[in-house]
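# Structural features, examined
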Amino acid sequence: MSQKNLGIIGGGQLGSMLSQAAKKLNINTIIYSDDFDAPAQNFCDEFIFGRYDDKKKILEFVNKADVITYEFENIPYETLNEMNKLKSVLPKPSVNRLIQHRLAEKDFINKLNIRTTRYVSIEKKTDIETLGDFLPGILKTTTMGYDGKGQYPLKKMEDLNSLNIDFSKEYILEKLVKLKKEISVIVTRFGINNFEIYEPIENTHQDQILKQSMIPAEVSKQIADQSKDWATRIAEELKYIGTLCVEFFIDRNENLYVNEIAPRVHNSGHLTINAFNVSQFENHIRAVCSLEKIPLKKISNAKMQNLIGKQIEPYRQNLKLSDKEFFFDYQKKEIKEKRKMGHITTLK
Ligand code: ADP
Ligand code: MG
């Protein structure tokens, strides 16, 4: 039976776009967020503001929903697990717990015989001192990182002294890959061997933040096939329900690596709103609400540009757009440097 009231945890741009897709499917959305100014409140049917440990507010939210999903991975596992006892949380909380921890995530991927960057667990500063082999590398917090937050590039050992790193947190040290390209693959899984997969998307980053995504990705057929195969295997192994994104690196020798998994809809997939008959958001909702799966059809090649910080301003002032350009304003209250404010998709 299909579900009519969808609870979404998190109220950023992904929550907004999920709500817009839900509206089209006649599904009611209730968003729970710990951000009073969460932009998704402008797009959902009902908004509940509360902390992720506020049991009373969370119960109010759970009672209103038939099924619960989330737009970001850094939600306390206990919160998701408690909710899951009352209503089904999809993707299931154990998936989220695994992926929100970089070390557990990478161990899991390697167990599937899928290549990741070389990495090592770091618990204290002296752990790094014997690991010259991993430099140049990037030190990353094992939890709570996004858009390059919690990351420290290390070219040489001495850099450790100039960076003010808080070693009360856990880290992994990753060897830097000599990048040729980055791509991502988005897949929506509905059940056993039952999924829809989008073609690889080519991504460009600046300061560790996604700047641009485009299809088709300019990669060999072998890379395209391998990335899709790995993404599908990961989704299948996790018994995942909903939309998932796998981020990949391609090095200068044409080796493919999984960088990370996002257990949610993904910024690189915003172009699916205009370039496909069914977007990553609609597919996610169809999967978690047990709606019908529709065969995916590509409408057009496309390029998506993130509007970061002040880049949104000219677009807000009624910049003239052609009928192939689609502008999205996330309606965030304040413009901040490095904050994703909106995006523009151009069909080609
Ligand atoms: P986040 O969780 O912030 O998205 P990522 O691990 O995806 O963190 O890193 C963000 C970006 O930083 C990547 O997309 C890539 O451009 C760069 N990066 C991260 N790790 C490496 C690495 N080991 N080698 C080369 N580039 C990297
Ligand atoms: Mg990333």
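Details of the structure are given in the entry above.
Residues numbered from 1 in each chain as written. Chains lettered and ligands numbered in written order. Predicted model: local features only at pLDDT ≥ 70, side-chain atom pairs only at ≥ 80, totals over all residues. Heavy atoms only, no water.

### Concerning empty space enclosed by the protein
Threshold: Whether a set of points on the 1 Å grid over the protein atoms alone is a cavity depends on a 1.4 Å probe fitting there but being unable to get out, while an open set qualifies as a pocket with protein on both sides within 12 Å along at least five of seven lines; lining residues are those with an atom within 4 Å of a point. Grid points are joined across faces, edges and corners, and a volume is the space filled by probe spheres set on the points. In DSSP terms, a helix is any run of H or I states spanning at least four residues, a strand is any run of E spanning at least two, and both are numbered starting from the N terminus. The classification used treats Ala, Val, Leu, Ile, Met, Phe, Trp, Tyr, Cys and Pro as nonpolar, Asp, Glu, Lys and Arg as charged, and all other residues, Gly among them, as polar.
If you walk through the whole model with that rule in mind, you get one cavity of 30 Å³ or more. Approximately 30 Å³ is the volume attributed to the largest cavity. Looking at the lining of the largest cavity, the elements with two or more residues in it are strand 10 (179-191), strand 12 (201-206) and strand 14 (242-251). Looking at the lining of the largest cavity element by element, the count peaks at three residues for strand 14. The residue inventory of the lining of the largest cavity, partitioned by class, reads three nonpolar, three polar and two charged.

### Observations concerning the coordination of the magnesium ion (ligand 2)
Note the cut-off: Sites may look incomplete because water is not among the atoms; the donors themselves are N, O and S atoms within 2.8 Å of the metal, or within 3.2 Å for Na, K and Ca.
Coordination of the magnesium ion (ligand 2) by the protein involves Glu247 (OE) and Glu260 (OE), with metal-donor separations of 2.0 to 2.3 Å. One end of the pair, Glu247, is in strand 14; the other, Glu260, is in strand 15 (residues 256-262), with 13 residues separating them in the sequence.

### Thoughts on the site of ligand 1
Operational definition: Any residue with at least one heavy atom within 4 Å of a molecule or strand is counted as near it. Within 3.5 Å is the distance limit for a polar contact, defined as a pair of N or O atoms, with the added protein rule that one can donate a hydrogen and the other accept it, and that residues adjacent in sequence qualify only through two side-chain atoms. For the accessible areas, the method is Shrake-Rupley and the probe is 1.4 Å, while residue cover comes only from the protein chains on display. Domain ranges listed in this record stem from an automatic or a database domain assignment.
Taken together, 21 residues lie around ligand 1, and Lys140, Gly148, Gln151, Glu182 and Asn259 are the ones closest in. The contact in question runs from an oxygen atom of ligand 1 to an N or O atom on the side chain of Lys140, over 2.6 Å. In this structure, Lys175 approaches ligand 1 through a main-chain N or O atom, which is 3.1 Å from a nitrogen atom. In isolation ligand 1 exposes 550 Å². Once the protein is present, 92% of that is buried. Contributing elements (two or more residues each) for the shell around ligand 1: strand 7 (137-141), strand 9 (171-175), strand 10, strand 14 and strand 15. Here the residues of the shell around ligand 1 are counted per class, giving six nonpolar, seven polar and eight charged. Two domains each provide a minimum of three residues to the shell around ligand 1, namely domain 2 (118-175) and domain 3 (179-347).

### Focus on the packing of helix 2 (residues 55-64) against helix 3 (residues 77-86)
Geometry of a packed helix pair, given as the angle between the helix axes and the separation of the axes. Quick note on the threshold: Axis definition: a line fit to C-alpha positions, over the contact stretch in the case of helices; interaxial angles, taken between N-to-C directions, run 0 to 180 degrees. Should an angle fall under 35 degrees it is taken as roughly parallel, and over 145 as roughly antiparallel, whereas 65 to 115 is taken as roughly perpendicular and any remaining angle as oblique. For any helix crossing, the convention is left-handed if the near helix is rotated counterclockwise from the far helix by under a right angle, and right-handed if that rotation is clockwise. Contact between two residues is taken to exist if any of their heavy atoms lie within 4.5 Å; hydrogens are not considered.
Running from N to C, helix 2 and helix 3 point in directions that differ by 40°, and their axes come no closer than 10 Å. The orientation of helix 2 with respect to helix 3, classified from their angle, is oblique. Between helix 2 and helix 3 lies a crossing whose hand is right-handed. Mapping the contact onto sequence places Ile58, Leu59, Phe61 and Val62 in helix 2 and Thr79, Met83 and Leu86 in helix 3. For the contact of helix 2 with helix 3, the per-class residue count stands at six nonpolar, one polar and no charged.

### Re unusual backbone geometry
Here the residue pair Leu90 and Pro91 is connected by a cis peptide bond, since its omega of -10° sits within 30 degrees of zero. With respect to the secondary-structure elements, Pro91 resides in the loop between strand 5 (88-89) and helix 4 (93-99). Residue Pro136 is bonded to the preceding Leu135 through a cis peptide linkage, with omega at -5°. Counting through the fold element by element, Pro136 comes out in the loop between helix 6 (125-128) and strand 7. Phi is positive for Asp207, close to 50°, though the residue is something other than glycine. Mapped onto the fold, Asp207 is located in the loop between strand 12 and strand 13 (209-215).

### Structural notes on the packing of aromatic side chains
Aromatic rings in a pair are described by how distant their centres are and how their planes are angled relative to each other. Rules: Any pair of Phe, Tyr and Trp rings, taking the six-membered ring for Trp, is counted once the centres come within 6.5 Å. Such a pair is stacked with planes under 30 degrees apart, edge-to-face with planes over 60 apart, and tilted for the rest. Only protein chains enter the accessibility calculation, which uses a 1.4 Å probe; a residue whose area is less than 20% of its type maximum is buried, one above 50% is exposed, and one in between is partly exposed. Charge over a ring is defined by NZ of Lys or CZ of Arg lying within 6 Å of the ring centre and within 35 degrees of the ring normal.
In total, this model carries nine aromatic pairs according to the counting rule given. Taking 5.5 Å as the distance between ring centres and 55° as the angle between the ring planes, the aromatic pair formed by Phe167 and Tyr171 counts as tilted. Ring geometry for Tyr198 against Phe276: centres 4.9 Å apart, planes inclined by 90°, an arrangement best described as edge-to-face. Placement of Tyr198 in the loop between strand 11 (194-197) and strand 12 and of Phe276 in the loop between helix 9 (272-275) and helix 10 (280-288) is noted, with a sequence separation of 78 residues between them. No difference in accessibility class separates Tyr198 from Phe276, as the two residues are buried. Linked through ring pairs, Tyr32, Tyr52, Phe61 and Phe72 together constitute an aromatic cluster. The ring of Tyr77 carries the charged tip of Arg97 above its face, separated from the ring centre by 4.1 Å. In this structure, Arg115 packs its charged tip against the face of Tyr257, placed 5.7 Å from the ring centre.

Take it as geometry only, folks, not as evidence of what the structure does.
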